[in-house]
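Working through the structure, step by step
Read off the chains here:
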Amino acid sequence: MIKSNCNPIGIFDSGAGGLSVLSELVKKMPNERFVYFADTLHCPYGSKPADKIIKLSDNITKFLISKGAKLIVVACNTATAASIDYLRSNYSIPFIGMEPAIKPASLNTKTKSIGVLATAGTFKGRLYIETSKKYASNVNVCYQVGEGLVELVETGKANSPEAEELLHRYVDSMIDCDIDHLVLGCTHYPFLIPTLKKIIPDTVNIVNPAPAVAAQAYRVAKSNNLLCNQHSTQTRIDFYSSAKLDIIKQLVNNEIKPFASILDSYTENLSL
């Protein structure tokens, strides 16, 4: 008989960006319970020093484990870059991290030119540097730090004129470099896809790593006998935040409609 572990899967991000990953996790593992933590009080993480992010990630991990988390998805590129090695060394449960999808973009580009939009902390991370060296050595990579984009998503302005203006500033030079893939290196950025599609040619593929991360989480859960095999008619998701949950509610209701009926199952503010 196959073991079944119905403890929740933990997910955390600096704010609401990890919801783009959570939506893919629910699609991939509908029988699972999830505990989502948004560190809205300390958002954004992008420009924070690594030691600060490690401390925050460590505190959040302790909290998620206290809620029974059997596996944790670090649904934040910056937190992954700064803290994933530390977390894996100090805790026995599996951790799934984020990294910009340089590999598929580099392997599939026809123009031999790709764009990467990410936070400053992500570009400094070991995973990003190693993946770039391995797969993008023969590809022209146009890098851009998306300063200010996280804040727009966190204030509900992902589809605003301000977002369009800022994205033009960041993406237009990439288009001039003849990119045919644009890699989103922050979990907040998928919420900007409708605005991005207004300003980039149809020939540019937008690469969102969230589905691949969800697939990896499923593989790891399965290989460690952590999947819950009890069929559920409704996925339960518990949301926690270090500040207000307003933007979480807005994004769930406006962008991730399948979660709307689940949002009020449990909410609580938590000070780290």
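Summary of the structure given here. (Residues numbered from 1 in each chain as written. Predicted model: local features only at pLDDT ≥ 70, side-chain atom pairs only at ≥ 80, totals over all residues. Heavy atoms only, no water.)

Enumeration according to the criterion identifies one disulfide in this entry. Covalently, Cys-6 is tied to Cys-228 through a disulfide, its sulfur atoms 1.9 Å apart. What sets the handedness of the Cys-6 and Cys-228 disulfide is the S-S torsion sign, and at about 80° it is right-handed. In this pair, Cys-6 is assigned in the segment before strand 1 (9-13) and Cys-228 in the loop between helix 10 (210-223) and strand 9 (237-241), connecting sequence segments 222 residues apart. By relative accessible area, Cys-228 is classed as buried at 8%. Here Cys-142 stays unpaired: no disulfide links it, and the sulfur of Cys-177, its closest cysteine neighbor, is 3.1 Å away. Counting only cysteine sulfurs, Cys-76 is the nearest neighbor of Cys-186, a cysteine outside any disulfide, at a range of 6.5 Å. (Disulfide = S-S within 2.5 Å. Helix = DSSP H or I, 4+ residues; strand = E, 2+ residues; numbered from the N terminus. Buried < 20%, exposed > 50% of the residue type's maximum accessible area, 1.4 Å probe, protein only.)

A few words on the layout of surface pockets. Approximately 460 Å³ is the volume attributed to the largest pocket. Within the residue set of the lining of the largest pocket, elements represented by two or more residues are helix 3 (77-90), strand 4 (95-96), helix 4 (102-108), helix 6 (126-135) and helix 10. Sorting elements by how many residues they give to the lining of the largest pocket places helix 6 first, with five residues. (1 Å grid on protein atoms, 1.4 Å probe; cavity = no way out; pocket = protein on both sides within 12 Å on 5 of 7 lines; lining within 4 Å. Points joined across faces, edges and corners; volume = space filled by probe spheres on them.)

This part takes up the pattern of salt bridges. According to the stated counting rule, one finds six salt bridges in the structure shown. Across the salt bridge formed by Glu-24 and Lys-27, the nearest N and O atoms sit 3.3 Å from each other. Here Glu-24 and its partner Lys-27 are both found in helix 1 (residues 19-28), three residues apart, which amounts to about one turn of the helix. For Lys-27, a relative accessible area of 62% corresponds to the exposed category. Its salt-bridge partner being Lys-70, residue Glu-32 comes within 2.6 Å of it at the nearest N-O pair. Of this pair, Glu-32 sits in the loop between helix 1 and strand 2 (34-38) while Lys-70 sits in the loop between helix 2 (50-66) and strand 3 (71-74), placing them 38 residues apart in sequence. Each member of the pair Glu-32 and Lys-70 is classed as buried. Connected via shared salt-bridge partners are Asp-85, Arg-126 and Glu-130. (Salt bridge = Lys/Arg side-chain N within 4 Å of Asp/Glu carboxyl O.)

Moving on, we get to the environment of Glu-130. Of note, Glu-130 is situated in helix 6. Given the relative accessible area of 41%, Glu-130 is considered partly exposed. Glu-130 sits 114 residues away from Lys-244 along the chain, and the two C-alpha atoms are 36 Å apart.

The subject of this paragraph is unusual backbone geometry. Residue Cys-43 is joined to Pro-44 through a cis peptide bond whose omega torsion reads 5°. A positive phi angle, near 60°, is found at Lys-112, a position not held by glycine. Mapped onto the secondary structure, Lys-112 falls in the loop between helix 4 and strand 5 (113-118). The class of Lys-112 is partly exposed, set by a relative accessible area of 46%. Phi is positive for Asp-178, which is not a glycine, with a value near 65°. You can see Asp-178 is positioned in the loop between helix 8 (161-176) and strand 7 (181-185).

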